[in-house]
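Commentary on secondary and tertiary structure
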Amino acid sequence: SQMQQENANVVRDGRESSIPVSQVVRGDVVVLGVGDVMPADTRLFEASDFKVSEMALTGEPDDVAKTAKLKKKEGGEEKLLPENMAFSSCNVTNGAGRGIVTDTGMTTRIGRIAQLIAGEDGGKKTNMCGFPDTSANQTPLQKNLEKLGARIGILAIVICIF
């Protein structure tokens, strides 16, 4: 599936029109339907049986139902992917909706993920093999696996010597 489509349907000056995705700005009202790829992070104010595939963000294969209704927060932390938000690069799989663009480009959730992957210097550091050096932003699991690998390697060398 595509991460981006060429045009987005927006309402400007009371008229619905199709514009290039690169021209979508904060505050635009986006009209969404089945098969559309979200052009930007959008807060829904109309949603009719609206579902999106958030696989690009979460890796989960199941479609997620979205609603325009605001739910009152009853303690605890705010959800990472609120039910009244649809995020850039997610595919609309069911229903129709309208929403107000809240973030575009690198300020979207998918844009922030891209920045994290690239690193602060834009991902230009490389290791001796020419691959990007991602050691500065390893996850805790990656760090633990690296330590485990080093221990297993040392143990194998010790066993071979004795």
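As a reminder, the structure under discussion sits directly above these lines.
We now turn to the structure provided with this report. Here the structure is a predicted model, which is why all the values come from computation and not from measurement.

Attention shifts here to unusual backbone geometry. Of note in the backbone geometry, aspartate 13 takes a positive phi value of approximately 55 degrees without being a glycine. Here aspartate 13 shows up in the loop between β1 (7-12) and β2 (15-20). Backbone geometry at serine 89 places phi at a positive 75 degrees, although glycine is not the residue there.

The next thing to look at is the nonpolar core. Counting 20 residues, the largest nonpolar core has Val24, Leu32, Met38, Phe50, Cys90 and Val92 as the members making the most contacts within it. Sorting the residues of this core by element identifies β1, β3 (29-32), β4 (41-53), β6 (85-86) and β7 (91-103) as the ones contributing at least two each. Broken down by element, the residue count for this core peaks at 3 residues, all from β4. Not counting residues within four places of it along the chain, the set of residues in contact with cysteine 90 comprises Asp36, Val37, Met38, Val52, Ser53, Glu54 and Leu57.

Tracing the backbone through its elements, the reader meets valine 52 in strand β4. By relative accessible area, valine 52 is classed as buried at 0%. Sequence-wise, valine 52 and glycine 35 are 17 residues apart; in three dimensions their C-alpha atoms are separated by 9.6 Å. Beyond its immediate sequence surroundings of up to four residues, valine 52 is in contact with Asp63, Val64, Lys66, Cys90, Asn91, Val92 and Thr93.

This paragraph deals with the pairing of β3. Burial along β3 is two-sided: the face carrying Val29 and Val31 and the face carrying Val30 and Leu32 are both buried. Two strands pair when backbone bridges link them, and β1 and β3 are joined in this way by 3 bridges, in the antiparallel orientation. Residue pairing in the sheet places asparagine 9 in a bridge with valine 31 of β3. Sheet analysis places β3 next to β7, joined by 4 bridges and oriented antiparallel.

By the secondary structure assignment, aspartate 28 is in the loop between β2 and β3. Looking at aspartate 28, its side chain comes within polar contact range of the side chain of arginine 12, at 2.6 Å. Ignoring sequence-local partners within four residues, the contact set of aspartate 28 consists of Val10, Arg12, Ile19, Gln23, Gly99, Ile100 and Val101.

The rules behind the values
- Residues numbered from 1 in each chain as written.
- Predicted model: local features only at pLDDT ≥ 70, side-chain atom pairs only at ≥ 80, totals over all residues.
- Heavy atoms only, no water.
- Helix = DSSP H or I, 4+ residues; strand = E, 2+ residues; numbered from the N terminus.
- Core = buried A, V, L, I, M, F, W, Y, C linked by side-chain atoms within 4.5 Å.
- Buried < 20%, exposed > 50% of the residue type's maximum accessible area, 1.4 Å probe, protein only.
- Contact = heavy atoms within 4.5 Å.
- Pairing = 2+ DSSP bridges.
- Polar contact = N/O pair within 3.5 Å; in protein donor to acceptor, adjacent residues only side chain to side chain.

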